[in-house]
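# Examination of the molecular architecture
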Amino acid sequence: MARTVTITGSRSTDRRSPEHFQKLFGLYLAPFAHRDSQFYVGGAVGIDTLTLSWLAAYTRSSIAVVVPCTVDAQPQEASHAIKFWDTQRRLTEVVELNAPQLGTDAYHARNRWMVDRSEFIVGFPRDNDQCSGTWYTLNYAAGQGKPRMIVPI
C-alpha cells in the first residue's frame, strides 16, 4: 500500500457540490488514508483545498501542503484553509517553494516536487484537456513509472 501520495486536480470544481466531493474522496482517498500515510496537497483552490479539508477532518494521515511561492500568495480561500488546518495542528508541514513569481512554471515545479517525493499519484481532472496542470502532473508521474489513479470530475 502506498505510504506517500500526491493529490492533483482541477481548480474548477463548481460543477459538483461539496457533498459530492466528500463522497468521492471517501471512495477513492480513504483506502490510502492510514495513520502512517503522508499526503502532499498543492494548496490551491478547487481540488487542493477540498482534499486538504477532507483529509484533515476525516483522516489521521499526515498532510503536507506545498505552495509554489508563499501561503500568503495563494488565493484567499486556499490561504485561509491552509492557515486554519495548520492552527488545528493537522498539517505536518507547509512547504513554501518561494518561486520568484506565480505562473505555469512555478506550479509545474511545485507538482514535480510533490511527485518526486511520492509513491502514488491521485488525479482529479475536470476533463481530458492534456494541457492542464493536472494532466501535466499525471504525465510527469507516468514518465517516472509511478502508479496513478485518475478520477474524472
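Located above this text is the structure these notes cover.
So, here's what we can say about the structure. (Residues numbered from 1 in each chain as written. Predicted model: local features only at pLDDT ≥ 70, side-chain atom pairs only at ≥ 80, totals over all residues. Heavy atoms only, no water.)

### Looking at the nonpolar core
With 29 residues, the main nonpolar core has Ile7, Leu52, Ile63, Val122 and Phe124 as its most contacted residues. Elements supplying a minimum of two residues to this core: strand S1 (4-9), helix H1 (18-28), strand S2 (38-41), helix H2 (47-58), strand S3 (62-67), helix H3 (76-87) and strand S5 (120-124). Considering every element that reaches this core, the biggest residue donor is H2, with five residues. Filtering out sequence-adjacent residues up to four positions away, Ile7 remains in contact with Leu29, Phe39, Tyr40, Val41, Gly42, Ile47, Asp48, Thr51, Met114, Val122 and Phe124. Counting six residues, the second-largest nonpolar core is a separate cluster that includes Ala64, Val66, Val95 and Trp113. (Core = buried A, V, L, I, M, F, W, Y, C linked by side-chain atoms within 4.5 Å. Buried < 20%, exposed > 50% of the residue type's maximum accessible area, 1.4 Å probe, protein only. Helix = DSSP H or I, 4+ residues; strand = E, 2+ residues; numbered from the N terminus. Contact = heavy atoms within 4.5 Å.)

### Examining the sheet that holds strand S6 (residues 148-150)
Pairing is parallel across the open sheet formed by six strands, whose spatial order is S4-S3-S2-S1-S5-S6. The open sheet has two edge strands, strand S4 (93-96) and S6, and neither has a second partner. Sheet twist, expressed as the average angle between the axes of neighbouring strands with direction ignored, equals 20°. For S1 and S5, the ladder comprises five bridges, and the chain directions are parallel. When the bridges of S5 are listed, Thr6 appears paired with Ile121. (Pairing = 2+ DSSP bridges. Axes fitted to C-alpha atoms, helices over the stretch in contact; angles between N-to-C directions.)

### Focus on H3
Helical geometry note: an α-helix holds 3.6 residues per turn, so side chains three or four residues apart project in the same direction. If you check H3, its first and last C-alpha atoms are 16 Å apart, about what twelve residues at 1.5 Å a residue would give, namely 16 Å. Those residues of H3 lying buried are Ala78, Ser79, Ala81, Ile82 and Trp85. Looking straight down H3, one finds that the buried residues subtend no more than 160° of arc, so they occupy a single side. Exposed residues lying more than 90 degrees from the buried face of H3 are Gln76, Glu77, His80 and Thr87. Arg89, located one to two residues past H3, shows a positive phi value of around 60°. (Expected span 1.5 Å × (residues − 1). Arc of directions from axis to C-beta.)

### Looking at the pairing of S4
Where a strand is regular, its side chains alternate between the two sheet faces. Across four bridges, the pairing between S3 and S4 is parallel. The residue bridging Val67 from the neighbouring strand is Glu96, located in S4. A crossover links S3 with its parallel partner S4, the connecting element being H3, and its sense is right-handed. (Right-handed = clockwise from strand over helix to strand, strands pointing away.)

### Things to note about the side chain of Ser10
Tracing the backbone shows Ser10 in the loop between S1 and H1. When residues no more than four places from it in sequence are discounted, the contact partners of Ser10 are Val45, Gly46, Ile47, Phe124, Arg126, Thr134 and Ile153.

### Side note on the pairing of S1
Burial analysis of S1 places six of its six residues in the buried class, which makes it a mostly covered element. Burial of the side chains of S1 extends over both faces: Thr4, Thr6 and Thr8 are buried on one face and Val5, Ile7 and Gly9 on the other. Bridge analysis of S1 against S2 gives three bridges, and the strand direction is parallel. By the bridge assignment, Val5 is partnered in S2 with Phe39. Between the parallel elements S1 and S2, the chain passes through H1 in a crossover that is right-handed.

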